Amino acid sequence: MSLTHQEIERAALDLFEAELNRRQVDLLSERHPEMELADAYRIQDRLVYEKANSGLQKIGWKIGLTSKAMQQALNIETPDSGVLFDNMLFDDEARIPKGRFIEPRIEVEIAFEFCRDLSGTGVDRDSVIAATRSVMPALEILDTRIMRRNPKTGRKRVIVDTVADNAANAGIVLGGARHAPDSVDLRWTGAILMRNGEVEETGLGAGVLNDPAESVAWLARRIAEFGGEIKKGEIVLSGSFTRPLEATPGSEFRADFGPFGSVSCRFE
């Protein structure tokens, strides 16, 4: 870790205010070239504290960068994670108000809802399945409170920027279908993602660390190292198996998971 407490606090407050004001901040990786991944999670922790202190309620976790393609693009070998809050939750077929987000994008996910706490550095796939109440189709709305690219320098956002920005999460849309986790093969659970009625992406759950439940096990082990746990009733987005699609005003998205269900939303 290389950043001071004051630098961590300043970065977190800048991100908090950027979300409130819908105005992006400069790249933290340019502000602090020495910034490490541990610093980014410290900023995220401070940002999460500010959100909770403002009255928001934590409802779960998201996991990102679970596909090999995304990891290779960012030159990393591990996923990242962030925290979900109640103001991020949308119902199926939701209409997302214009101006709610800055530069939203959509990804397809399989979400887990937990019936008991899950903790420990020894959590494995079987532990995840045993602690899961249901799995369901979901869309994640990504947003960035940090500019994707600095127009002056040409520098692009890197992993420390994304992690500090609460893993770029902004919203979650849950489908209505619920399934017992041991009743479906999550590796072979796939989806067709359509934007405005046209097929844009297809993918399988196996794109998420070979099995979405393995992704959740990774999260449980990672947060256990810092004394955290996945709690009963929380939702975990296990990671996307499609590329993110730009969600411009007027865009309508529908993810068809076949027998697993569907989920949709529209951006006004």
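Summarised in this report is the structure supplied together with it. What you see is a predicted model, and the numbers here were worked out from it, not measured in a lab.

What counts and what doesn't
Per-chain numbering applies: the sequence of each chain, read as written, is numbered from 1 onward. Only residues with pLDDT of at least 70 get local features here, since the model is predicted, and only at 80 or more are side-chain atom pairs given and counted; chain-wide, interface and lining totals rely on the full set of residues. Neither water nor hydrogens contribute to the side-chain values; these are computed over all heavy atoms in the structure. We treat two strands as partners when DSSP finds at least two bridges between them. For the purposes of this entry, the term helix denotes a DSSP run of H or I that reaches at least four residues, the term strand denotes a run of E that reaches at least two, and both are numbered from the N terminus. Orientation is described by axes fitted as lines to C-alpha atoms, over the contacting stretch for helices, and by angles from 0 to 180 degrees between their N-to-C directions. Any residue under 20% of the maximum accessible area for its type is buried, any over 50% is exposed, and the rest in between are partly exposed; the area is computed with a 1.4 Å probe on protein chains only. A positive count includes Lys and Arg, and a negative count includes Asp and Glu. His and the chain ends are not counted in either. For this analysis, a salt bridge means a side-chain nitrogen from Lys or Arg found within 4 Å of a carboxyl oxygen belonging to Asp or Glu. Here a residue-residue contact requires only that any non-hydrogen atoms of the pair lie within 4.5 Å. Expected helix span is given by 1.5 Å per residue-to-residue step, counting one fewer step than there are residues. Residues grouped as a nonpolar core are buried Ala, Val, Leu, Ile, Met, Phe, Trp, Tyr and Cys residues, joined through side-chain atoms within 4.5 Å.

1. Description of the sheet that holds strand E9 (residues 198-204)
Each strand in a sheet pairs with another by means of backbone hydrogen bonds, the pair being arranged parallel or else antiparallel.
Then, in step 1: Read from one edge of the open sheet, five strands run E4-E13-E12-E8-E9, paired in mixed fashion. Of all strands in the sheet, those with a lone pairing partner are strand E4 (94-96) and E9, marking the two edges. The average angle at which neighbouring strand axes cross in this sheet is 20 degrees, direction not considered.
Then, in step 2: Where strand E8 (residues 190-195) meets strand E12 (residues 252-256), four bridges bridge the pair, whose relative direction is antiparallel. When the sheet's bridge partners are listed, Ile-192 is paired in E12 with Asp-256.

2. With respect to the side chain of Arg-222
Then, in step 1: As for its placement among the helices and strands, Arg-222 is situated in helix H7 (residues 212-224).
Then, in step 2: Among buried charged residues, Arg-222 stands out as having no salt bridge; its nearest opposite-charge side chain is Asp-45, 6.1 Å away.
Then, in step 3: Ignoring sequence-local partners within four residues, the contact set of Arg-222 consists of Tyr-41 and Ser-81.

3. Regarding helix H1 (residues 5-21)
Then, in step 1: In this model, H1 (17 residues) spans 24 Å end to end at C-alpha, consistent with the 24 Å of a helix rising 1.5 Å per residue.
Then, in step 2: Among the residues of H1, Ile-8, Ala-11, Ala-12, Leu-13, Asp-14, Leu-15, Phe-16 and Ala-18 are the ones counted as buried.
Then, in step 3: Taken together, the buried residues of H1 touch helix H2 (28-31), helix H3 (37-53) and helix H6 (159-164).
Then, in step 4: With its phi angle positive at about 55 degrees, Arg-22 sits one or two positions after the end of H1.

4. Concerning the pairing of strand E1 (residues 58-64)
Then, in step 1: Counting buried positions along E1 yields six of seven residues, so the element is predominantly enclosed.
Then, in step 2: Pairing geometry for E1 and strand E2 (residues 80-85), over six bridges, is antiparallel. Note on E2: the bridge partner recorded for Lys-58 is Phe-85.
Then, in step 3: Pairing analysis gives three bridges linking E1 to strand E10 (residues 235-237), with the strands arranged parallel. By the bridge assignment, Lys-62 is partnered in E10 with Leu-237.

5. Considering the nonpolar core
Then, in step 1: In terms of nonpolar packing, the biggest core is built from 57 residues, with Leu-139 and Ile-230 touching the most fellow members.
Then, in step 2: No other element matches the seven residues that H7 contributes to this core.
Then, in step 3: If you look at the next biggest cluster of nonpolar residues, it comprises 23 residues, including Leu-3, Ala-12, Leu-47 and Ile-159.

6. Observations concerning the pattern of salt bridges
Then, in step 1: Throughout the structure, instances matching the rule amount to 20 salt bridges.
Then, in step 2: Asp-39 is paired through a salt bridge with Arg-42; the nearest N and O atoms lie 3.3 Å apart. Pair noted here: Asp-39 and Arg-42 are both in helix H3, with a separation of three residues, about one helical turn.
Then, in step 3: A residue is classified by how much of its surface remains accessible, and Asp-39, at 0% relative accessible area, is buried.
Then, in step 4: Asp-165 serves as the salt-bridge partner of Arg-145, at 2.8 Å between the closest nitrogen and oxygen. In this pair, Arg-145 sits in the loop between strand E6 (132-142) and H6 while Asp-165 sits in the loop between H6 and strand E7 (169-174), placing the two residues 20 residues apart along the sequence. Across the pair, exposure class does not vary: Arg-145 and Asp-165 are buried alike.
Then, in step 5: Put simply, Arg-195, Glu-200, Glu-201 and Arg-243 are held in one network by salt bridges that share partners.

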